[in-house]
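# Report on the structure
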Amino acid sequence: MDQYAAPAVWSPATRHHDPKHEVWVGVATEGTEIAARVDTILEALRGAGHRIVEAQPHEDDVLERVHDAPVLDFLANASRRWDEGPYAALVGQDRVVPYLFPTPAMTGGLPARPAAAVHADAGRFAYDTMTLVGPGTWDAARAAVDCALTAAELVVAGEPMAYALCRPPGHHATTSGFGGSCYLNNAAVAAEALRLQGFDRVAIVDVDAHQGNGTAAIFYDRGDVLYGSVHVDPGAGWFPHVVGYADETGTGPGEGATRNLPLPEGTEDAAWLEAVHELVEWAAAAGCDALVVSLGVDAAKDDPESPLLVTSDGYRSAGALLGGTGLPAVVVQEGGYHLPTLGGLVAAYLAGHGGATFHAD
């Protein structure tokens, strides 16, 4: 044996979310965050010898520490409300699409109330038009949370690392809203679960191609959970566009507990890994005793959703860097949309992390 093959937690219900399409700059475009991602990753991990574990159901107590009740209620009931409305007959659309966004630009300081119509109410929580809610969205998103919580429980019970095959992803979901193809923040739930189980300081290291604005916002004023991200520069016109800059470092008790390392378009393995290494050293210097990895593999060179050029070897090396911390780790799936390479990229990362874990023992 030359590496540790982590348990991989999944749920069949994560297949239930079917976005069909996204609405981008007013045009319906083919969705990339599709159910086939689950089976592609599962096949690769079975082939790599990982133990496949089905997620166990959990109560909402940890989830409710991360997300506000109104957004949870909206997501749980939005599809039913849409089905009860006239939308199928009027527009032939069975996915909840926000119609307006009640920002201060609209209300102008007036006392805004929740909209009665679901197509208007959706904009109270959704912050983009890409992240549609369909008949299976809540089941899948809630099952992804169970994957993250089951993986955290395995780590608490003594596994050095556990992987959560979360789908849909979660790191763009904020306390009170959703977007970026994310509905519930799986990584934040995992970190909160680890804190509740006695870990004093948890580091979240996000290697997705895009900064996890939701995770950053959830912990921005807390010092017990660090958030560090390496991602394509939002200043170059990439999601999340308005946040994810290097001068965002936290506030109040969380001052210094946020670290953003934006990278230019076309960044390859060497510079990307240098940034990952910087985050590893930062987390170690902060005295963290547990780790959550937001594993997006959309920074890969063949992925359609980013301009970064990371290779499979780069992901394996990133796994070795993060596994080399020796910290108990929950690895949570985020992005990654190129189906021919997706499973292999996830397996490569886990092999690197597992190899470092084995040699550390």
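Here the structure is shown first, and the text comes after it.
Residues numbered from 1 in each chain as written. Predicted model: local features only at pLDDT ≥ 70, side-chain atom pairs only at ≥ 80, totals over all residues. Heavy atoms only, no water.

### Description of unusual backbone geometry
The residue after arginine 167, namely proline 168, is reached through a cis peptide bond having omega 5 degrees. Structurally, proline 168 is set in the loop between strand 5 (161-164) and helix 8 (186-196). The omega torsion of the bond from phenylalanine 239 to proline 240 falls at 10 degrees, within 30 degrees of zero and hence cis. The backbone of lysine 20 shows a phi angle near 60 degrees, a positive value even though the residue is not glycine. For lysine 20, the location among the structural elements is in the loop between strand 1 (8-10) and strand 2 (21-24). (Helix = DSSP H or I, 4+ residues; strand = E, 2+ residues; numbered from the N terminus.)

### Focus: the pairing of strand 6 (residues 202-206)
Most of strand 6 is tucked away, with five of its five residues classed as buried. The two faces of strand 6 match: Val202, Ile204 and Asp206 on one face and Ala203 and Val205 on the other face are all buried. Bridge count between strand 6 and strand 7 (residues 225-232): five bridges; the pairing is parallel. The residue of strand 7 that forms the bridge with alanine 203 is leucine 226. (Buried < 20%, exposed > 50% of the residue type's maximum accessible area, 1.4 Å probe, protein only. Pairing = 2+ DSSP bridges.)

### Side note on the pattern of salt bridges
Applying the stated criterion to the full structure yields 17 salt bridges. Put simply, arginine 95 and aspartate 18 hold a salt bridge, and the shortest N to O gap is 3.8 Å. You can see arginine 95 sitting in the loop between helix 4 (87-91) and helix 5 (104-107) and its partner aspartate 18 sitting in the loop between strand 1 and strand 2, a full 77 residues away along the chain. The network of salt bridges with common partners includes Arg65, Glu192, Arg195, Arg222 and Asp224. (Salt bridge = Lys/Arg side-chain N within 4 Å of Asp/Glu carboxyl O.)

### Focus on the pairing of strand 10 (residues 329-333)
The buried count for strand 10 comes to five of five residues, which makes it a mostly enclosed element. Burial along strand 10 is two-sided: the residues Ala329, Val331 and Gln333 and Val330 and Val332 are all buried. In terms of strand pairing, strand 9 (residues 290-295) meets strand 10 through five bridges, oriented parallel. Its bridge partner being in strand 10, valine 293 is matched across the sheet by valine 331. The parallel pair strand 9 and strand 10, bridged by helix 11 (residues 312-323), forms a crossover whose chirality is right-handed. (Right-handed = clockwise from strand over helix to strand, strands pointing away.)

### Notes on the environment of aspartate 128
With respect to the helices and strands, aspartate 128 occurs in the loop between helix 6 (118-121) and helix 7 (137-156). Residue aspartate 128 is classed as buried on the basis of its relative accessible area of 10%. C-alpha of aspartate 128 to C-alpha of alanine 144: the two residues are 16 residues apart in sequence and 21 Å apart in space. The residues contacting aspartate 128, other than those within four sequence positions of it, are Pro98, Phe101, Gly179, Gly180 and Phe239. A polar contact is formed between the side chain of aspartate 128 and the backbone nitrogen of methionine 130, at a distance of 3.1 Å. At a separation of 2.7 Å, a polar atom in the side chain of aspartate 128 contacts the main-chain amide nitrogen of glycine 180. (Contact = heavy atoms within 4.5 Å. Polar contact = N/O pair within 3.5 Å; in protein donor to acceptor, adjacent residues only side chain to side chain.)

### Considerations on the environment of glycine 170
Looking at the element boundaries, glycine 170 is found in the loop between strand 5 and helix 8. We classify glycine 170 as buried; its relative accessible area is 0%. For glycine 170 and glycine 180, which are ten residues apart along the polypeptide, the C-alpha to C-alpha distance reads 8.6 Å.

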